[in-house]
Amino acid sequence: MSKIRGVNLGEWLVLERWMDQDVFRGTESRDEDNLCRVLSEEEKLKRFKEHRDTFITEEDIVFIKKCGLDSIRLPIPHFLFGDNPHFCYPYVKCIDYVDKLFSWADKYGLTVLLDLHTAPDSQNGYDNGGICAVSKWHQKKENIDRVIEVLSMLAERYKNRDSFLGLELLNEPASEEVWERNKRFYTPHDKERAKGSSAVPLTLLFDFYTNAYDKLRAIMGDDKYIVFHDGFRLMQVKTFIKESNFKNVILDTHPYLDMEGVTETTSTFNHLHKILFEWQNNINECQKYVPVMIGEWSLPHNILPSFTPEERYESYRLIASAELMTFESAFAFYFWSYKVKCYDKLGWDFRSNVERGWLPSSFLSISEI
């Protein structure tokens, strides 16, 4: 199997305020759910169209292709079809933009991995799960059934597209550790709605993965990938896959250096090497049984205020080189994210990272970096 190297199109169809505050302008909303509730219908439709028409264009796809990448991971919301008011209100559907991306991918020879990034009542309480401080997707059978229904509709719609790489069943379902952390970092807009939120139990997650896999395989056959996120419990999900009879599946994990406390001190790079060594060992161990995908990774780490521009440049370049060498052993990786408009968030924006020289202008031979 040829390795897959790509980039995420975060913020385009699933909003995160930290990535582009403009679409949230004039509001105190911290997530897409609340934004859709506080805007008037007219303003909401106008603002979302403006954002989606301009945030990603065909020129961006050309840039991705020129960098030697071969795939795009597209985060999508559960309401993208706009077909069921119970689940889709008050949101703005976006399936036409998914169709547009597939047309561009066909034109430029890229593949598309569709990543279901949000679920009804959210699966993690992150802003990227759609509703800050709410994690209740798994508590209602109708929510779980709805996610499988949406995945099935996507499989049916794109199964015959050559550029369709496959489906990621659900992004970042929260573990106990992640949920406890999220409660400290995110506050709910609606405290009553947030009551009773919890982590996603592994037994329930495994049942969901099994049922979704069976349903999708019946629709799109064995030639498309089905991706399981590790739910921040990499080795347990690896064992689950190892002991199952799945075909053509990938295990996704999201290692972020900024979550590991990497800072620019004498001990930084000792700490960094330790983290990268552990990540590489985990990748190699899991790939004895299933291909591993680094579905999200980036460059952010804490920069010392005393760093000169030259030292800052060298720091990011070294971080990028170390991560690329670590992730080279993985079957697939996708940088997070292609575009970040909050420019103070250094290291997250793929395009500016390439233009600054922190990432290679061509990924065709990254093993040589």
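Here the structure is a predicted model, which means the values were calculated and not measured.

Definitions and limits used
Residues numbered from 1 in each chain as written. Predicted model: local features only at pLDDT ≥ 70, side-chain atom pairs only at ≥ 80, totals over all residues. Heavy atoms only, no water. Helix = DSSP H or I, 4+ residues; strand = E, 2+ residues; numbered from the N terminus. Rg over C-alpha atoms; globule rule 2.2 N^0.38 Å. Buried < 20%, exposed > 50% of the residue type's maximum accessible area, 1.4 Å probe, protein only. Contact = heavy atoms within 4.5 Å. Expected span 1.5 Å × (residues − 1). 1 Å grid on protein atoms, 1.4 Å probe; cavity = no way out; pocket = protein on both sides within 12 Å on 5 of 7 lines; lining within 4 Å. Points joined across faces, edges and corners; volume = space filled by probe spheres on them. Nonpolar A, V, L, I, M, F, W, Y, C, P; charged D, E, K, R; others polar. Salt bridge = Lys/Arg side-chain N within 4 Å of Asp/Glu carboxyl O. Pairing = 2+ DSSP bridges. Axes fitted to C-alpha atoms, helices over the stretch in contact; angles between N-to-C directions. Core = buried A, V, L, I, M, F, W, Y, C linked by side-chain atoms within 4.5 Å. Phe/Tyr/Trp six-rings, centres within 6.5 Å; stacked < 30°, edge-to-face > 60°. Lys NZ or Arg CZ within 6 Å of the ring centre and 35° of its normal.

Trainee: Quick question: what am I supposed to make of the overall build of the protein chain here?
Mentor: Looking only at helices and strands, one finds 13 helices and 8 strands in the protein chain. Relative to the globule expectation of 21 Å for 369 residues, the C-alpha radius of gyration of the protein chain, 20 Å, shows essentially globular dimensions. With respect to the principal axes defined by its C-alpha atoms, the protein chain has extents near 55 × 50 × 45 Å. Of all 369 residues assigned to the protein chain, the portion counted as buried reaches 57%. Long-range pairs, those at least 24 residues apart, make up 75% of the contacts in the protein chain between residues at least 6 apart in sequence.

Trainee: Hey, could you run me through helix α6 (residues 141-158) in this one?
Mentor: Note on helix geometry: an α-helix contains 3.6 residues per turn, so any two residues three or four positions apart are oriented the same way. The end-to-end C-alpha distance of α6 is 26 Å, a good match for the 26 Å that 18 residues give at a rise of 1.5 Å each. Those residues of α6 that are buried are in contact with β2 (71-76), α4 (85-88), α5 (95-108), β3 (111-116), β4 (164-168) and α9 (202-220).

Trainee: What should I look at first to understand empty space enclosed by the protein in this one?
Mentor: Evaluation of the coordinates by the stated rule reveals 1 cavity of 30 Å³ or more. For the largest cavity, the calculated volume is near 50 Å³. Of the residues assigned to the lining of the largest cavity, the class counts are 5 nonpolar, 2 polar and 3 charged.

Trainee: Would you explain the layout of surface pockets in this entry?
Mentor: Unoccupied space between atoms shows up once a probe the size of one water molecule is rolled over them. Quantified by volume, the largest pocket comes out at close to 1200 Å³. Contributions of two or more residues to the lining of the largest pocket are made by α7 (176-185), α11 (268-286) and β7 (292-297). Considered class by class, the residues forming the lining of the largest pocket number 19 nonpolar, 7 polar and 13 charged. For the second largest pocket, the calculated volume is near 270 Å³.

Trainee: Hey, could you run me through the pattern of salt bridges in this one?
Mentor: Side chains bearing opposite charge may pair, as long as their charged atoms lie close to each other. Overall, the coordinates contain 31 salt bridges when judged by the stated rule. Put simply, Asp-20 and Lys-341 hold a salt bridge, and the shortest N to O gap is 3.9 Å. Here Lys-341 lies in the loop between β8 (332-335) and α13 (350-356) and Asp-20 lies in the loop between β1 (4-8) and α1 (32-38), a separation of 321 residues in the sequence. According to the relative accessible area criterion, Asp-20 is buried, its value standing at 4%. Connected via shared salt-bridge partners are Arg-73, Asp-115, Glu-168, Asp-252 and Glu-296.

Trainee: Just to check I follow, could you spell out the sheet that holds strand β5 (residues 225-229) for this structure?
Mentor: What holds strands together in a sheet is hydrogen bonding between their backbones, with the strands either parallel or antiparallel. Here 8 strands make up a closed barrel; going around it, the order is β1-β2-β3-β4-β5-β6-β7-β8 and the pairing parallel. Within this sheet the neighbouring strands show an average axis-to-axis angle of 25 degrees, counted without direction. As paired elements, β7 and β8 share 3 bridges and run parallel to each other. Note that in β8 the partner of Met-293 across the bridge is Ala-332. The strands that α9 touches are β4, β5 and β6 (249-253); relative to β5, the one it contacts most, it runs at about 165 degrees.

Trainee: Whenever I open this one, the environment of Asp-214 confuses me. Can you help?
Mentor: Counting through the fold element by element, Asp-214 comes out in helix α9. Sequence spacing of Asp-214 and Asp-115 is 99 residues, and the spatial spacing of their C-alpha atoms is 18 Å.

Trainee: Any chance you could explain the nonpolar core here in plain terms?
Mentor: Where a protein is soluble and globular, its nonpolar side chains tend to be buried together. In this structure, Leu-114, Phe-208 and Phe-350 are the most contacted members of the largest nonpolar core, which totals 87 residues. Apart from residues no more than four positions distant in its own chain, Leu-114 is found in contact with Leu-74, Ile-76, Val-98, Phe-102, Leu-154, Tyr-158, Phe-164, Gly-166, Leu-167 and Glu-168. Counting residues in each nonpolar core, the second largest holds 11 residues, with Leu-15, Val-23, Leu-39 and Phe-79 among its members.

Trainee: Even after reading the chapter, I still don't get the packing of aromatic side chains, so can you show me in this structure?
Mentor: Here a ring pair, both rings aromatic, is described through the centre-centre distance and the interplanar angle of the planes. In this structure the tally under the stated criterion is 28 aromatic pairs. On the numbers, 6.3 Å between centres and 55 degrees between planes, the contact of Tyr-158 with Phe-164 is tilted. Seen from their ring centres, Trp-279 and Phe-327 are 5.9 Å apart, and the 25 degrees between their planes marks the pair as stacked. Of this pair, Trp-279 sits in helix α11 while Phe-327 sits in helix α12 (residues 309-327), and the two are 48 residues apart along the sequence. Residue class for Trp-279 comes out buried when judged on its relative accessible area of 11%. On the basis of relative accessibility, which here comes to 0%, the residue Phe-327 falls in the buried class. Sitting over the ring of Phe-55, Lys-339 keeps its end group 4.7 Å from the ring centre.

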